[in-house]
Amino acid sequence: MSASSVEAPSFPVRRSCPYQPPDVYREISTRGPINQVTLWDDRRVWLITGYAEARRLLADERLSSDRSYDAYPTMAPHLGAPAARKLVLVGEDPPVHHHHRRLLNPEFSLKHARALRPDIERIVNGLIDRIEELGSPADLVEHFAAPIPSLVMSALLGIPYEDHAFFQTATAGVMQGRDPEHTEASAAELVRYLDRLVTAQERKPDENLVGRLVAHVESGELTHDEVVQLAMVLLIAGLETTSSMIPISVLALLEHPEQLAALRDGVVPAAIAIEELLRITAVTDFAGVRWITDDIEIDGLVLKAGDGLVVSSTMTNRDDRVHAEPYEVDLARASRQHLTFGYGIHQCLGQNLARLQLEIAFETLVRRLPGLRLAVPSEELVMRRTGTMQSVERLPVAW
Ligand code: HEM
């Protein structure tokens with residue numbers, strides 16, 4: 001990237017409010033939709049904060065997700081670990097990406113997700129039953145936010161839920177590793193575990209996603225190792241995202257009692273409300289991290305081949321050319337114009353499933369625990385953010 005005298009602030013910056021961006025992000029985005037920022041390793045990259053610009057760029061074939069190139073920007077030290085740099089699907093470009101996505105798309109269709117509704121309702125109600133048994137106060141992360149995606153993903157993939165302590169810790173270790181060694185070791189443990197599982201499915205396939213994927217090994221469309229890697233990426237992508245979003249959204253609702261009441265009283269249906277929660281929380285903070293393979297001209301700028309690029313979902317979701325009062329939480333906004341699930345060929349594969357889990361989780365939570373409130377002063381909550389995910393360690397609630 002050419003040397004520029006324009007100031008390039010450090011990025012990313014820890015949020016102080018669990019769901020609103022740090023002030024410096026707001027300041028950067030008032031300068032324009034495309035700016036430069038400086039990463040932890042002193043590298044300058046383009047930061048996209050405009051919604052239209054982000055969609056244009058994320059649909060551009062001159063952007064690559066291939067992390068095996070040095071040009072791919074590493075957003076935190078642990079993400080430089082070899083395992084994090086060779087993730088299938090999310091870290092692939094066409095045609096390989098297209099091949100993998102084509103095999104998975106039918107599994108994550110709206111129809112497939114909808115068929116899971118009764119199972120997810122049973123899971124969520126069972127967790128609230130347990131919370132009621134435990135009595136007030138209870139930690140909503142441990143007893144609600146973490147087990148929902150964990151139970152759903154283990155049923156979907158055919159992974160024994162008894163192993164949840166292991167796979168939750170290991171996936172968190174990859175996403176939020178303390179350092180590259182921690183990320184590498186967590187990924188290696190997951191690969192060993194999933195390798196055994198895939199081998200068992202190859203011998204005797206069950207009616208689950210891994211069982212169906214191994215059929216593609218027989219037909220020569222996938223290798224054994226690709227199935228292992230795909231299962232790992234699905235687990236990583238499907239657990240931390242949903243489990244982090246739930247407590248952060250609950251905090252946003254508790255700080256906006258009139259919005260919580262609108263959800264609880266059915267004034268805004270949960271299916272509508274979650275779109276605003278997705279927009280405002282932007283739990284991954286980024287809608288995509290890429291590098292540029294050929295010069296791109298946009299808005300009078302030239303993004304040069306080899307430059308890194310980061311799309312901020314937190315800020316594109318608050319583009320005032322798209323949303324009036326973009327920092328306000330308004331569950332009735334009824335807009336899907338957010339980039340929390342990304343955009344373009346890598347747009348979240350699991351978004352139908354994520355939406356369904358969130359809809360059922362929030363509808364059930366406010367209906368069954370109508371007096372929901374924080375059980376500790378908000379200053380005591382510990383925000384966790386190492387790298388890319390916004391989350392809170394514990395969320396003690398009373399009702
Ligand atoms: C609130 C929950 C979720 C959020 C905020 C979220 C966010 C995202 C984002 C921003 C991307 C795009 C990354 C990029 O372009 O580089 C993505 C991709 C992906 N997500 Fe999600 N996700 C969520 C839930 C899920 C679930 C439940 C699953 C699986 C069941 C899943 C599986 C994936 C996969 C496999 C990709 C890679 C797709 C590709 O590269 O083609 N996600 N997600």
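Our subject is the structure that appears above.
Calculation criteria
Residues numbered from 1 in each chain as written. Predicted model: local features only at pLDDT ≥ 70, side-chain atom pairs only at ≥ 80, totals over all residues. Heavy atoms only, no water. Helix = DSSP H or I, 4+ residues; strand = E, 2+ residues; numbered from the N terminus. Buried < 20%, exposed > 50% of the residue type's maximum accessible area, 1.4 Å probe, protein only. Contact = heavy atoms within 4.5 Å. Areas by Shrake-Rupley, 256 points an atom, 1.4 Å probe, with all protein chains shown as cover. Lys, Arg positive; Asp, Glu negative; His and termini not counted. Charge placed at Lys NZ, Arg CZ, Asp CG, Glu CD. Donors = N, O, S within 2.8 Å, 3.2 Å for Na, K, Ca; no water. Expected span 1.5 Å × (residues − 1). Near = heavy atom within 4 Å. Polar contact = N/O pair within 3.5 Å; in protein donor to acceptor, adjacent residues only side chain to side chain. 1 Å grid on protein atoms, 1.4 Å probe; cavity = no way out; pocket = protein on both sides within 12 Å on 5 of 7 lines; lining within 4 Å. Sits in = over half its atoms within 2 Å of the grid points. Pairing = 2+ DSSP bridges. Points joined across faces, edges and corners; volume = space filled by probe spheres on them. Nonpolar A, V, L, I, M, F, W, Y, C, P; charged D, E, K, R; others polar. Phe/Tyr/Trp six-rings, centres within 6.5 Å; stacked < 30°, edge-to-face > 60°.

Colleague: In this structure, what is going on with the overall build of the protein chain? I would like to understand it.
Modeller: Of the regular secondary structure elements, the protein chain holds 16 helices and 12 strands. C-alpha atoms of the protein chain, sized along the principal axes, occupy 60 × 55 × 35 Å. Considering the protein chain as a whole, with its 399 residues, one finds that 56% of them fall into the buried category. Contacts spanning at least 24 positions in sequence make up 73% of the contacts within the protein chain whose residues lie at least 6 apart. When the accessible surface of the protein chain is totalled, it reaches about 17000 Å², and 52% of it is carbon and sulfur. Side chains of the protein chain give 40 positive and 56 negative charges; the mean places of these two sets differ by 2 Å.

Colleague: How should I be thinking about the coordination of the iron atom of the ligand in this particular structure?
Modeller: Six octahedrally arranged donors around a metal ideally form angles of 90 or 180 degrees; four tetrahedrally arranged donors ideally form angles of 109.5 degrees. No other protein atom reaches the iron atom of the ligand as a donor apart from Cys348 (SG), found 2.3 Å away. Looking at where cysteine 348 falls in the secondary structure, it is placed in the loop between α15 (313–316) and α16 (351–368).

Colleague: Just to check I follow, could you spell out helix α9 (residues 164–175) for this structure?
Modeller: Think of an α-helix as 3.6 residues a turn; residues three or four steps apart then line up on the same face. With 12 residues, α9 should reach 16 Å at 1.5 Å per residue; the first-to-last C-alpha distance of 16 Å fits that figure. Residues Phe167, Ala170, Thr171, Ala172, Gly173, Val174 and Met175 constitute the buried set of α9. For α9, the secondary structure elements touched by its buried residues are α8 (147–157), α10 (180–203) and α12 (224–254).

Colleague: What should I look at first to understand the site of the ligand in this one?
Modeller: Around the ligand, a shell composed of 27 residues is seen, among which His97, Arg101, Arg290, His346 and Cys348 lie nearest. Between the ligand and arginine 290 there is a distance of 2.8 Å, counted from an oxygen atom to a side-chain nitrogen or oxygen. Histidine 346 is positioned such that a nitrogen or oxygen atom in its side chain is 2.6 Å from an oxygen atom of the ligand. A majority-of-atoms criterion places the ligand in the largest cavity. When residues of the shell around the ligand are traced back to their parent elements, those giving at least two are α4 (96–104), α12, β5 (286–292) and α16.

Colleague: Whenever I open this one, α10 confuses me. Can you help?
Modeller: Helix length check: α10 (24 residues) gives 35 Å between terminal C-alpha atoms against 34 Å at 1.5 Å per residue, within 8%. Buried residues of α10: Thr183, Ser186, Ala187, Leu190, Tyr193, Leu194, Leu197, Val198 and Gln201, and no others. Buried-residue contacts for α10 involve α3 (82–85), α9, α11 (209–218) and α12.

Colleague: Help me out: how do you make sense of the sheet that holds strand β4 (residues 138–139) in this one?
Modeller: Adjacent strands of a sheet form backbone hydrogen bonds with each other and so pair up, either parallel or antiparallel. One open sheet accounts for three strands, arranged β4-β12-β9; its pairing is antiparallel. A single partner strand is all that each edge strand has here, and the edge strands are β4 and β9 (373–374). Bridging between β4 and strand β12 (residues 396–398) involves two bridges; their strand directions are antiparallel. From the neighbouring strand, aspartate 139 faces β12, where its bridge partner is proline 396.

Colleague: Sorry, what's going on with the sheet that holds strand β3 (residues 63–64) here?
Modeller: Strand order in the open sheet made by the five strands is β1-β2-β8-β5-β3, with mixed pairing throughout. Edge positions in the sheet fall to β1 (34–38) and β3, since each has one partner strand and no second. In terms of strand pairing, strand β2 (residues 44–48) meets strand β8 (residues 308–312) through three bridges, oriented parallel. Paired with leucine 47 across the strands is valine 310, a residue of β8.

Colleague: Explain the pairing of β2 to me, please; I cannot follow it from the model alone.
Modeller: Within β2, four of the five residues are buried, leaving the element largely enclosed by the surrounding structure. In terms of strand pairing, β1 meets β2 through five bridges, oriented antiparallel. The residue of β2 that forms the bridge with threonine 38 is arginine 44. Once β1 ends, the chain turns through five residues before running back antiparallel as β2, passing aspartate 42 with a positive phi of about 70 degrees.

Colleague: Please clarify how empty space enclosed by the protein should be interpreted in this entry.
Modeller: In this approach a probe as big as a water molecule rolls over the atoms, and the regions it shows empty are the leftover space. In the structure shown here, the tally under the stated rule is two cavities of 30 Å³ or more. Volume-wise, the largest cavity comes out at about 1200 Å³. Val90, Met175, Ala237, Thr241 and Thr284 are the residues nearest the centre of the largest cavity, which is lined by 48 residues in total. In terms of residues, the lining of the largest cavity owes the most to one element, α12, which gives eight residues. Residue classes in the lining of the largest cavity are distributed as 30 nonpolar, 14 polar and four charged. There is about 40 Å³ of room inside the second largest cavity. Forming the walls of the second largest cavity are Glu107, Phe108, Ser109, His112, Ala113, Leu116, Leu156 and Leu353. Split into classes, the residues belonging to the lining of the second largest cavity amount to five nonpolar, two polar and one charged.

Colleague: Please explain the packing of aromatic side chains as it appears in this structure.
Modeller: The geometry of an aromatic ring pair is captured by two quantities: the separation of the ring centres and the angle between the planes. Applying the stated criterion across every chain, the model contains four aromatic pairs. Ring centres of phenylalanine 11 and phenylalanine 286 lie 5.8 Å apart, and the angle between their planes is 45 degrees; on these two criteria the pair is classed as tilted. Pair noted here: phenylalanine 11 is in the segment before α1 (23–31) and phenylalanine 286 is in strand β5, with a separation of 275 residues, a long-range link. Phenylalanine 286 matches phenylalanine 11 in its accessibility class, with the two residues each being buried. Taking 5.0 Å as the distance between ring centres and 50 degrees as the angle between the ring planes, the aromatic pair formed by phenylalanine 166 and tyrosine 193 counts as tilted. Of this pair, phenylalanine 166 sits in helix α9 while tyrosine 193 sits in helix α10; the two residues are 27 residues apart in sequence, bridging distant segments of the chain. Every member of this aromatic cluster is reached through a ring pair, and the members are Phe11, Tyr25 and Phe286.

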